[in-house]
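A closer look at the structure
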Amino acid sequence: LHLSIRRQRQMCIRDSFTGDVAGAKIQNGPVLPACPPPDIDLEKWEDSLKILEKENPKKMYLTHFGEHKNIRSHIDELREALSDWSLWINEKRKIFLDDEILTKNFNEYVYKKMQAAKINDELINQYYAANPPYMSVAGLKRYWEKNDK
């Protein structure tokens, strides 16, 4: 399957590796987007999620990390988090004009949401090492700037 969150396509082998399309999930933590720059395309990402749903794999192997079998809830959780992150960036990029300040505030936003979800600091630190939220700021900001939405 050819899936994409960027201009370039990624390959997804059925019931196997999904690349960044299926996000990141560590242990029993949340599903979070993996959207580093340079180009994130939210419409292509959604198309790719629909392809995954249509193919209805029995399991997915995430780049970050491991095997996951509850595909429907995984994709639903990813959509929710991706929407949350992208809308936050779209709104706050107009308030925090300095990228460093935007990034700092986004890292704090994600950290507080994870704490509110009762995720312990050890697991939060694992997420921040494997899929640091700061890496998503530039890609999502660029998406909104290019699409001026």
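**A word on the overall build of the protein chain**
Within the protein chain one finds five helices and four strands. The long-range share in the protein chain, meaning contacts at least 24 apart out of those at least 6 apart in sequence, stands at 67%. For the protein chain, the exposed area adds up to about 8100 Å²; of that, 52% sits on carbon and sulfur atoms.

**Regarding the confidence of the model for the protein chain**
For the protein chain, the average pLDDT comes to 87, and 89% of its residues sit at 70 or higher. Per-residue pLDDT, averaged within each element of the protein chain, yields its smallest value for strand β2 (residues 10-11) (49) and its largest for helix α3 (residues 99-116) (97).

**Some details on helix α5 (residues 134-147)**
Over its 14 residues, α5 runs 21 Å from end to end, which matches the ideal 20 Å to within 8%, given 1.5 Å per residue. On its buried face, α5 sits against α1 (42-55), α2 (71-92) and α3. Positive backbone phi, approximately 40°, marks Asp148, located one or two places after α5.

**A closer look at the nonpolar core**
One finds Leu42 and Trp45 to be the most contacted residues of the largest nonpolar core, which totals 33 residues. Looking at this core, the elements with two or more residues in it are α1, β3 (60-62), α2, α3, α4 (121-130) and α5. Broken down by element, the residue count for this core peaks at eight residues, all from α2.

**A short note on the packing of aromatic side chains**
In this structure the tally under the stated criterion is six aromatic pairs. An angle of 25° between the planes, with centres 5.2 Å apart, marks the rings of Trp88 and Tyr109 as stacked. Here Trp88, found in helix α2, pairs with Tyr109, found in helix α3; they are 21 residues apart in sequence, far enough to count as distant. Taken together, a centroid distance of 5.0 Å and an interplanar angle of 80° make the contact between Tyr143 and Trp144 edge-to-face. Through a chain of ring-to-ring contacts, the aromatic side chains of Trp85, Trp88, Phe106 and Tyr109 assemble into a single cluster.

**Description of unusual backbone geometry**
For Gln27, which is not a glycine, the phi torsion comes out positive at approximately 50°. Mapped onto the secondary structure, Gln27 falls in the loop between β2 and α1. Located in the positive-phi region is Lys118, a residue other than glycine, with phi close to 65°. Position of Lys118 relative to the elements: it lies in the loop between α3 and α4.

**So, the side chain of His68**
Looking at the secondary structure, you find His68 in strand β4 (residues 66-68). For His68, a relative accessible area of 12% translates into the label buried. Within the local environment of His68, its side chain forms a polar contact with the backbone oxygen of Phe65, the two atoms lying 3.0 Å apart.

Conventions used here
- Residues numbered from 1 in each chain as written.
- Predicted model: local features only at pLDDT ≥ 70, side-chain atom pairs only at ≥ 80, totals over all residues.
- Heavy atoms only, no water.
- Helix = DSSP H or I, 4+ residues; strand = E, 2+ residues; numbered from the N terminus.
- Contact = heavy atoms within 4.5 Å.
- Areas by Shrake-Rupley, 256 points an atom, 1.4 Å probe, with all protein chains shown as cover.
- pLDDT = per-residue confidence, 0-100.
- Expected span 1.5 Å × (residues − 1).
- Core = buried A, V, L, I, M, F, W, Y, C linked by side-chain atoms within 4.5 Å.
- Buried < 20%, exposed > 50% of the residue type's maximum accessible area, 1.4 Å probe, protein only.
- Phe/Tyr/Trp six-rings, centres within 6.5 Å; stacked < 30°, edge-to-face > 60°.
- Polar contact = N/O pair within 3.5 Å; in protein donor to acceptor, adjacent residues only side chain to side chain.

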